[in-house]
Amino acid sequence: MVYDTITADPADTQVDECGALAKEAGVDGFVGIGGGSSMDCAKAASLLMNHPAPIKQYFTAPPSFLDCTVPVILVPTTAGTGSECTQVCVITNTEDHSKPSIFMRSTLAIVDPELTYTVPASVTANTGLDAFTHAAES
C-alpha cells in the first residue's frame, strides 16, 4: 500500500486516513520516505495500528511516550528535519491550526546522502538552515 498525499505539516485528518487505510490493508510495518512531513505522518499513522483513532487524542503536553508495536522505517530525502532520529512527530491540528506533537519512537532510519541529490536547491538550502538551527538551539 502506498499513501502519497502528504502535504507540508501533515494534517491530523491525513494521519487518520493513512492509519485507517493501513489498518484495513493489514500492513505489518511502515516505511516513511521523504522529508519530515512524510516521516512524521508514517510515525503517527503507525500508532493507529494498535491505538484507536483519531490521532488528535494523542497530542500531549507534557510529553508522554506512546508505544507502537508496528515497525517504522524512515528514509530521509532531505538533510534537515531530523524526523528520522527524533522521538517526536509534529502534526497539524485542523481544529485550531496548531502544531502539537506526539511522542513516540521509530524503529530504524536508513540515511543515504545520495537520496538528497535530486531535491531542488531551495529545499537543500531550507533543510540545511533547519539543521543549523537545531544544532544552534542545542
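Look a little higher up for the structure.
K.L.:
Any details on the overall build of the protein? Residues and values, ideally.
P.N.:
For the protein, the count of helices and strands is three helices and six strands. When the helices and strands of the protein are placed in sequence order, the string is α-β-α-β-β-β-β-β-α. For 138 residues, the compact-globule formula gives about 14 Å, and the C-alpha radius of gyration of the protein, at 14 Å, lands near that figure. Reported as C-alpha extents along the three principal axes, the dimensions of the protein are approximately 40 × 30 × 25 Å. Within the protein, the proportion of its 138 residues that are buried is 38%.

K.L.:
Give a detailed account of the pairing of strand β3 (residues 72-76), specifying residues and quantitative values.
P.N.:
Most of β3 is tucked away: four of the five residues are buried. Sheet topology places strand β1 (residues 30-34) next to β3; five bridges connect them, and they run parallel. Of the residues in β3, the one forming a bridge with Ile33 is Val75. Relative to strand β6 (residues 108-109), β3 is paired through two bridges, and the arrangement is parallel. Bridge assignment links Leu74 to a residue of β6, and that residue is Ala109.

K.L.:
An account of helix α2 (residues 36-47) is requested, with residue identities and associated values reported.
P.N.:
With 12 residues, α2 extends 17 Å between its outermost C-alpha atoms, agreeing within 8% with the 16 Å of an ideal straight helix rising 1.5 Å per residue. Among all positions in α2, only Gly36, Met39, Asp40, Cys41, Ala42, Lys43, Ala44, Ala45, Ser46 and Leu47 are buried. Of the surrounding secondary structure, the elements contacted by the buried residues of α2 are α1 (12-25), β1, β2 (65-66), β3, β4 (88-90) and β5 (101-104).

K.L.:
Any chance you could break down the side chain of Glu84 for me, citing the residues and the numbers?
P.N.:
If you trace the backbone, Glu84 turns up in the loop between β3 and β4. As a buried residue without a salt bridge, Glu84 has its nearest oppositely charged side chain in Lys43, at a separation of 7.7 Å. In contact with Glu84, not counting residues within four places along its chain, are Met39, Leu74, Pro76, Ser106, Ala109 and Val111.

K.L.:
Give me unusual backbone geometry: which residues, what numbers.
P.N.:
Looking along the chain, the bond that leaves Ala53 and enters Pro54 is cis, with omega of 5 degrees. Its place among the elements puts Pro54 in the loop between α2 and β2. Of note in the backbone geometry, Asp9 takes a positive phi value of approximately 50 degrees without being a glycine. Along the chain, Asp9 falls in the segment before α1. Judged by relative accessible area, Asp9 falls into the partly exposed class, the value being 38%. You will see that His97, though not glycine, has its phi angle at about 65 degrees, which is positive. Of note, His97 is situated in the loop between β4 and β5.

K.L.:
Give me the sheet that holds β4: which residues, what numbers.
P.N.:
With respect to topology, three strands assemble into an open sheet ordered β2-β5-β4, the strand pairing being mixed. Both outer strands of the open sheet, β2 and β4, are each paired with one neighbouring strand and no more. Here β4 runs beside β5; their pairing, made up of three bridges, is antiparallel. Opposite Val90, over in β5, you have Ser101 as the bridge partner.

Conventions we followed
Residues numbered from 1 in each chain as written. Predicted model: local features only at pLDDT ≥ 70, side-chain atom pairs only at ≥ 80, totals over all residues. Heavy atoms only, no water. Helix = DSSP H or I, 4+ residues; strand = E, 2+ residues; numbered from the N terminus. Rg over C-alpha atoms; globule rule 2.2 N^0.38 Å. Buried < 20%, exposed > 50% of the residue type's maximum accessible area, 1.4 Å probe, protein only. Pairing = 2+ DSSP bridges. Expected span 1.5 Å × (residues − 1). Contact = heavy atoms within 4.5 Å. Lys, Arg positive; Asp, Glu negative; His and termini not counted. Salt bridge = Lys/Arg side-chain N within 4 Å of Asp/Glu carboxyl O.

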